[in-house]
Amino acid sequence: TGIIEEIVITEDGSKKSAFLLTEMGQLLQTGFGGSASPSDGVPSFVLHWMEQPLWDAWSHLPDYLAGSPKAKDYNLSPPFDRANGMSASEFYRTHDYSRIHRNF
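The model shown is predicted, which means the values in this text are computed figures rather than measured ones. (Residues numbered from 1 in each chain as written. Predicted model: local features only at pLDDT ≥ 70, side-chain atom pairs only at ≥ 80, totals over all residues. Heavy atoms only, no water.)

Chemist: Please set out the overall build of the chain residue by residue, giving values where relevant.
Modeler: Scanning the chain for helices and strands turns up eight helices and two strands. Listing each helix as α and each strand as β along the chain from the N terminus yields β-β-α-α-α-α-α-α-α-α. Residue burial in the chain is summarised as follows: out of 104 residues, 23% are buried. Put simply, of all contacts in the chain between residues at least 6 apart along the chain, 24% involve residues at least 24 apart. (Helix = DSSP H or I, 4+ residues; strand = E, 2+ residues; numbered from the N terminus. Buried < 20%, exposed > 50% of the residue type's maximum accessible area, 1.4 Å probe, protein only. Contact = heavy atoms within 4.5 Å.)

Next comes the structure, spelled out in structure tokens:
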């Protein structure tokens, strides 16, 4: 279980390591499973969730959920809006690269 598997190859009396993708690791490849587009499947999903705008939004979630006084400064706007200064819809409308990975 994992994304890579190590195998040991004996060649000319010496041992060498080789690494192969596991079935799970193959799912992280673009174009795996007949998909020709890099915006399809698991790789796109991972890229979307690893982008800085989404990571930044998480840092605003505790105050948002707690309804803290800081929330009033933002008129109770969602964490994504607070972190990025615009709504998610506006962000993806103006950031093509991010939009590609969002629409998986």
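Resuming the write-up.
Chemist: Give me the environment of Asp-81: which residues, what numbers.
Modeler: Relative to the assigned elements, Asp-81 resides in helix α6 (residues 79-84). Each C-alpha atom of the pair Asp-81 and Phe-91 lies 9.0 Å from the other, and the pair is 10 residues apart in sequence. When neighbours within four sequence positions are excluded, Asp-81 is seen to be in contact with Met-86, Ser-87 and Ala-88.

Chemist: How would you summarise the side chain of Glu-51 if you had to cite specific residues and measurements?
Modeler: As for its placement among the helices and strands, Glu-51 is situated in the loop between α2 (41-50) and α3 (52-58). Here Glu-51 is in contact with Tyr-97 and Ser-98, once residues within four sequence places are set aside.

Chemist: Give a detailed account of unusual backbone geometry, specifying residues and quantitative values.
Modeler: Phi is positive for Asp-12, close to 55°, though the residue is something other than glycine. Here Asp-12 shows up in the loop between β1 (4-11) and β2 (14-21).

Chemist: Explain the environment of Ala-88 residue by residue, including any values.
Modeler: Along the chain, Ala-88 turns up in helix α7 (residues 88-94). On the accessibility criterion, Ala-88 (25% relative accessible area) is partly exposed. Placed 34 residues apart in sequence, Ala-88 and Leu-54 show a C-alpha to C-alpha distance of 9.5 Å. Setting aside anything within four residues of it in sequence, one finds Ala-88 in contact with Phe-80 and Asp-81.

Chemist: Account for the packing of aromatic side chains, with residues named and values stated.
Modeler: To describe a pair of aromatic rings, you give the distance between the ring centres and the angle between the ring planes. For the structure shown, the criterion picks out three aromatic pairs. With a centroid separation of 5.5 Å and an interplanar angle of 75°, the aromatic rings of Phe-80 and Phe-91 are classed as edge-to-face. Taken together, the residues span a long stretch of sequence, with Phe-80 in helix α6 and Phe-91 in helix α7 at a distance of 11 residues. Summarising the burial analysis for this pair, Phe-80 and Phe-91 share the class buried. (Phe/Tyr/Trp six-rings, centres within 6.5 Å; stacked < 30°, edge-to-face > 60°.)

Chemist: Summarise the pairing of β1; cite the residues concerned and give the values.
Modeler: Both β1 and β2 contribute to a ladder of eight bridges, which runs antiparallel. Of the residues in β2, the one forming a bridge with Glu-5 is Leu-20. The antiparallel hairpin formed by β1 and β2 contains two residues in its connecting segment, where Asp-12 sits at a positive phi of about 55°. (Pairing = 2+ DSSP bridges.)

Chemist: Describe the confidence of the model for the chain, listing the residues and the values that go with them.
Modeler: Of all residues in the chain, 76% have pLDDT values of 70 or greater, and the mean over the chain is 79. For the chain, the element scoring lowest by mean pLDDT is helix α5 (residues 69-73), at 56; α6 scores highest, at 91. (pLDDT = per-residue confidence, 0-100.)

Chemist: Which residues make up the pattern of salt bridges, and what values go with them?
Modeler: All told, the structure shown has one salt bridge when counted by the stated rule. The partner of Glu-11 in a salt bridge is Lys-16, with the nearest N and O atoms 3.4 Å apart. (Salt bridge = Lys/Arg side-chain N within 4 Å of Asp/Glu carboxyl O.)

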